[in-house]
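Chains, contacts and geometry: an overview
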Amino acid sequence: RKEVEQDPGPFNVPEGATVAFNCTYSNSASQSFFWYRQDCRKEPKLLMSVYSSGNEDGRFTAQLNRASQYISLLIRDSKLSDSATYLCVVNSGNEKLTFGTGTRLTIIP
Amino acid sequence: ETGVTQTPRHLVMGMTNKKSLKCEQHLGHNAMYWYKQSAKKPLELMFVYNFKEQTENNSVPSRFSPECPNSSHLFLHLHTLQPEDSALYLCASSRSGTGGSYEQYFGPGTRLTVT
C-alpha cells in the first residue's frame, strides 16, 4: 500500500460548483498533514495545513479523520483560478514529508 | 514571491558534464531540502539539511552531491548524470529540521535535461 494515496483525477468541474478530494495515508503515527497546490510547470505552494479539529480558509475546508486515516479538501464556489493539481502531504512519522501524486482539477467556465 | 530562489531555472547538460544547482532562502529558516519531481511521479525527497548538517540522504546516487555552507544556501552538484535524471529539481525550506512538523516552502525549481 502506498504511504499516501490520492485519486489522480482529472476532475472537471463547472465554475461555481463544490468539489471534494480525499487522500488516504498508511502510517497511523502520522502527525502533520497539509494540502499543497501545484500549477502546471510551477512549484508546489502551501494551500493549508490540516488540523485535527478541521479548519477553514475562505472557500477551502480541510478535514482529518484519524480513525479512517484520511484527509479531505472541500472547495466551495469554485473559480477558474482553482484549476491546478492538489497535493496531499503527510508527515509519515519518520520526520519526512511524503507527497501524494496529486489530484488534477480543472474548473470549466 | 522571492522567499526561496533557485538558479538556473533551466539546465541542459551532457552526461559527462559537471554542473551545480543553487538555492537560497530569505525566510530565516534553518532547514533546507532537495526534491526531485519526475513526470507523473510524486515528489521524491533527496536530501535534508538542518542547521547546515545533513540529516537525511534518501538513497540518492553519488552522482548527486549536496552542499550546505550556511542555513540560507544549498547547492546540488551534478556529475556524470544519466538521461533518467532529467526532472524538475525543487529546493524547499522550513522553520524546523524535523521536516514534518512545519510547512515547507518551495523554490521555482530547476528543470534539468540530461542529453
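For the structure given in this document, a descriptive report is provided here. (Residues numbered from 1 in each chain as written. Chains lettered and ligands numbered in written order. Predicted model: local features only at pLDDT ≥ 70, side-chain atom pairs only at ≥ 80, totals over all residues. Heavy atoms only, no water.)

**Examining the environment of A:Gln38**
The following threshold applies: Numbered from the N terminus, helices here are DSSP runs of H or I no shorter than four residues, and strands are runs of E no shorter than two. The buried label goes to any residue with under 20% of its type's maximum accessible area, the exposed label to any with over 50%, and the partly exposed label to all in between, with areas taken from a 1.4 Å probe on protein chains only. Between two residues, a contact is recorded if the distance between any of their heavy atoms is within 4.5 Å. Under this definition, polar contacts are N or O atom pairs within 3.5 Å; protein pairs additionally need one hydrogen-donor-capable and one acceptor-capable atom, and for neighbouring residues in sequence, both atoms have to be side-chain atoms.
Note on placement: A:Gln38 falls in strand E4 (residues 33–38). Overall, the relative accessible area of 8% leaves A:Gln38 in the buried class. Along the backbone, A:Gln38 and A:Arg66 are 28 residues apart, and their C-alpha atoms lie at a distance of 25 Å. Apart from the residues within four sequence positions on either side, A:Gln38 is in contact with A:Glu43, A:Pro44, A:Ala84, A:Thr85, A:Leu87 and B:Gln37. At a separation of 2.9 Å, a polar atom in the side chain of A:Gln38 contacts the side chain of B:Gln37.

**As for the environment of B:Glu53**
Its place among the elements puts B:Glu53 in strand E6 (residues 53–57). Once the C-alpha coordinates of B:Glu53 and B:Asn70 are considered, the two residues, 17 residues apart in sequence, prove to be 9.2 Å apart.

**A look at the packing of aromatic side chains**
Test applied: Any Phe, Tyr or Trp ring, taking Trp's six-membered ring, that has another such ring centre within 6.5 Å forms a pair; planes under 30 degrees apart are called stacked, those over 60 apart edge-to-face, and the others tilted.
A complete count under the given rule lists eleven aromatic pairs over all chains for this structure. Here A:Phe99 and B:Tyr35 contribute two aromatic rings whose centre-to-centre distance is 5.5 Å and whose plane-to-plane angle is 80°, an arrangement assigned as edge-to-face. You can see A:Phe99 sitting in strand E10 (residues 97–99) and its partner B:Tyr35 sitting in strand E4 (residues 31–37), one on each of two chains. Summarising the burial analysis for this pair, A:Phe99 and B:Tyr35 share the class buried. Residues A:Phe99 and B:Phe106 carry aromatic rings whose centres are separated by 5.9 Å and whose planes lie at 80° to one another, so their mutual orientation is edge-to-face. Here A:Phe99 is found in strand E10, whereas its partner B:Phe106 is found in strand E10 (residues 105–106) on a different chain. A:Phe99 gets classed as buried once you look at its relative accessible area, which sits at 4%. Classification of B:Phe106 by relative accessible area gives buried; the value is 7%.

**Focus: the state of the cysteines**
Each disulfide is one covalent bond, formed between the sulfur atoms of two cysteines. What counts here: Here, a disulfide means two cysteine sulfur atoms that sit within 2.5 Å of each other.
A complete count under the given rule lists two disulfides over all chains for this structure. Bridging A:Cys23 to A:Cys88, the disulfide has an S-S length of 1.9 Å. Between A:Cys23 and A:Cys88 the disulfide shows an S-S torsion of about -75°. By sign, it is left-handed. On the criterion of sequence distance, the pair formed by A:Cys23 in strand E3 (residues 19–25) and A:Cys88 in strand E9 (residues 84–91) is long-range, its members being 65 residues apart. Each sulfur of the disulfide joining B:Cys23 and B:Cys91 lies 1.9 Å from the other. On the sign convention where negative is left-handed, the bridge of B:Cys23 and B:Cys91, at about -70° about the S-S bond, is left-handed. Of this pair, B:Cys23 sits in strand E3 (residues 18–25) while B:Cys91 sits in strand E9 (residues 87–94), placing them 68 residues apart in sequence. Across the pair, exposure class does not vary: B:Cys23 and B:Cys91 are buried alike.

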